[in-house]
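The primary structure of each chain is shown beneath.
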Amino acid sequence: MVRRMLPASILARRQILERELEIINNNDSALVRGNPYLINRPPTWLTTYRYTLGDDNPTKDQYADVVAHNRNRLRHIFSEDYLVQPDLFMGMPVRAGDGGVFKRSGALELLHNVIHNWTGEVISPYLDMGNFRTAARDPIFFGHHANIDRLWDIYRNKRGKVEFRDRDWLDASFLFYDENRQLVKCKVRQGLLPKQLGYEYKYEDPTWENVGDARNFLSLRKASVHRERARAANNNLSPPTEFGSEPRALDTTIRVLGHITTPFSPTNTTVLIVEDIKFDHQSPIRFDVYVTKPTESHHADLGELAGSFVNVPHGIAHGVAGHPRNTNAVLHKRAELRLGIGHVLKDLEHILEGTGPSVDDDKLVITLVPRLGQVTVGGIRIESIPITYDADDEESIDRE
Ligand SMILES: [Cu+2]
């Protein structure tokens, strides 16, 4: 039904987004003509999950690299780490009485937020898609959300069952008007699966599952890390330090040691937690988290990207109009970022092979790179979380 409501131009954009994460825009379309911001964009854009608000579009020579990074990012988010722990993909539960200030979003939120920032305005107050208050004004909002829904569907198909059996969640209800303008109450359990809503997504093998593609990405990374390590002797950076017990402003790159306290085991998944992130929810925010193994000499290669924290502005900012950075923001919003890193550690083993032994197997070097906005971070820890298997199948959702 959603499909029939969308203008053809949006559909074309959405289908390309699904296939190659690439949007080719037509400046003559009605959508673009009506939007002064879009018309200033170059005719061809390429989505990158590394996008930070205000970044230039990648150039043609950067396309292959961007696509490789996008696919690698998706490969991680749909890896075993995330499949066995739906909290990491969908986010931690939010319950009435929690106060609503503490956000613990999952990886799906990152895919969602980056595209909001990327399709929205780049200057304050980041109108249309760039601000949750105005996002639904842009018709691409619906295409974008259909794609998020489809990514969730792929995730559930790969798991073979629904994410949570929590009754609080399944019985949470929302009010809608139906086609006869009657107010109806719908529970989450009634609309959890696309087939309950009368449609299904066609399942195709996602492009990021191409093994050759992943191998190619890893061997390119390996070559670049080996080059960097060979240079390290003349370019030895100061070693990473402990995070410390006080919160730290992320106004410069922070490079710290993370401690692995529990040995790896098949019944556990390794999670990196960036604790007590404080930020202003009216400002666009981004920082990236990299992970590598400690070595004798320290060099500029940060390791593998484990994940990112991205905030889409919500509400009309009280900051400086026309400036993406609100320097007087009150950092009243709090969040926690949880990243599955089992897969990243496996990649690291492959990439670092032949570079000499890690100096300490119980430690990781974790790097936080600020990209945009004011943020403070309370701490970083690595946890080994037991995998909880749920025997129930999704059919029982329909029956209840
Ligand atoms: Cu959205």
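Per an unreviewed UniProt entry, the protein chain is named Tyrosinase copper-binding domain-containing protein, and its organism is Stephania cephalantha. As recorded by UniProt, the Sequence similarities (unreviewed entry) comment attached to the protein chain reads in full: "Belongs to the tyrosinase family." The Cofactor (unreviewed entry) field of the UniProt record for the protein chain holds the comment "Cu(2+)".

Draft legend 1. The arrangement of the overall build of the protein chain in detail. A count of helices and strands for the protein chain gives 13 helices and 14 strands. Out of the 400 residues belonging to the protein chain, those deemed buried represent 28%. In the protein chain, of all internal contacts separated by at least 6 residues, the share reaching a separation of at least 24 is 72%.

Draft legend 2. Quick peek at the nonpolar core. Formed by 46 residues in total, the largest nonpolar core has its most connected members in Leu272, Ile277 and Ala306. Ranked by residue count, the leading element in this core is helix α8 (residues 107-119), at six residues. Ignoring any residue separated from it by four or fewer positions in sequence, one finds alanine 306 in contact with Leu272, Val289, Tyr290, Val291, Leu339, Ile341 and Val344.

Draft legend 3. Looking closely at helix α5 (residues 63-77). With 15 residues, α5 extends 21 Å from end C-alpha to end C-alpha; this agrees with the ideal 21 Å at 1.5 Å per step. Every buried residue of α5 is accounted for by Val66, Val67, Asn70, Arg71, Asn72, Arg73, Leu74, His76 and Ile77.

Draft legend 4. Seen up close, the UniProt feature "domain: Tyrosinase copper-binding" (unreviewed entry) in the protein chain. As annotated in UniProt, the feature "domain: Tyrosinase copper-binding" (unreviewed entry) corresponds to residues 138-149 in the numbering used here. Secondary structure over residues 138-149 splits into 83% helix and 0% strand, and the C-alpha atoms at its two ends are 18 Å apart.

Draft legend 5. Broad picture of the packing of α8 against helix α9 (residues 140-159). Packing of α8 against α9 brings their axes to within 10 Å, and their N-to-C directions diverge by 160 degrees. One finds that α8 runs roughly antiparallel with respect to α9. Considering the relative orientation of α8 and α9, their crossing is right-handed. In this structure, α8 contributes Leu108, Leu111, His112, Ile115 and Thr119 to the contact, and α9 contributes Ile140, His144, Ile148, Leu151 and Trp152. Residues of the contact of α8 with α9, tallied by class, amount to seven nonpolar, three polar and no charged.

Draft legend 6. Spatial organisation of the environment of arginine 215. Of note, arginine 215 is situated in helix α11 (residues 211-231). The class for arginine 215 is exposed, based on 11 C-beta atoms found within 10 Å. In sequence terms arginine 215 and aspartate 347 are 132 residues apart; their C-alpha atoms lie 9.9 Å from each other.

Draft legend 7. Structural context of the environment of aspartate 362. As for its position among the elements, aspartate 362 is in the loop between α12 (342-352) and β12 (363-372). Once the C-alpha coordinates of aspartate 362 and leucine 257 are considered, the two residues, 105 residues apart in sequence, prove to be 9.9 Å apart. Filtering out sequence-adjacent residues up to four positions away, aspartate 362 remains in contact with His259 and Ile260.

Draft legend 8. Spotlight on α9. Taking 1.5 Å as the rise per residue, α9 with 20 residues should run 28 Å; its terminal C-alpha atoms sit 29 Å apart, in good agreement. Among the residues making up α9, those that are buried are Ile140, Gly143, His144, Leu151 and Tyr155. What you see down the axis of α9 is that its buried residues fit within an arc of 130 degrees, all on one side. Within two residues after α9, glycine 160 carries a phi angle of roughly 80 degrees, on the positive side.

Draft legend 9. Structural context of the sheet that holds β12. Strand order in this open sheet of four strands is β7-β12-β9-β10, and the pairing throughout is antiparallel. Where the open sheet ends on each side, the last strands, each with one partner, are β7 (254-259) and β10 (304-311). Mean inter-strand twist for the sheet, computed between neighbouring axes without regard to direction, equals 25 degrees. Bridge count for strand β9 (residues 285-292) against β12 is seven bridges, and the pairing is antiparallel. Looking across to β12, one finds that valine 289 is bridged to leucine 368. The sheet contacts of α12 involve β9 and β10, and relative to β10 the element is tilted by about 145 degrees.

What counts and what doesn't
- Residues numbered from 1 in each chain as written.
- Predicted model: local features only at pLDDT ≥ 70, side-chain atom pairs only at ≥ 80, totals over all residues.
- UniProt positions renumbered as here; feature names shortened; annotations may be inferred.
- Helix = DSSP H or I, 4+ residues; strand = E, 2+ residues; numbered from the N terminus.
- Buried ≥ 20, exposed ≤ 12 C-beta atoms within 10 Å, placed from the backbone.
- Contact = placed C-beta atoms within 7 Å.
- Core = buried A, V, L, I, M, F, W, Y, C linked by C-beta atoms within 7 Å.
- Expected span 1.5 Å × (residues − 1).
- Axes fitted to C-alpha atoms, helices over the stretch in contact; angles between N-to-C directions.
- Parallel < 35°, antiparallel > 145°, perpendicular 65-115°, else oblique.
- Left-handed = near helix turned anticlockwise from the far one by under 90°.
- Nonpolar A, V, L, I, M, F, W, Y, C, P; charged D, E, K, R; others polar.
- Arc of directions from axis to C-beta.
- Pairing = 2+ DSSP bridges.

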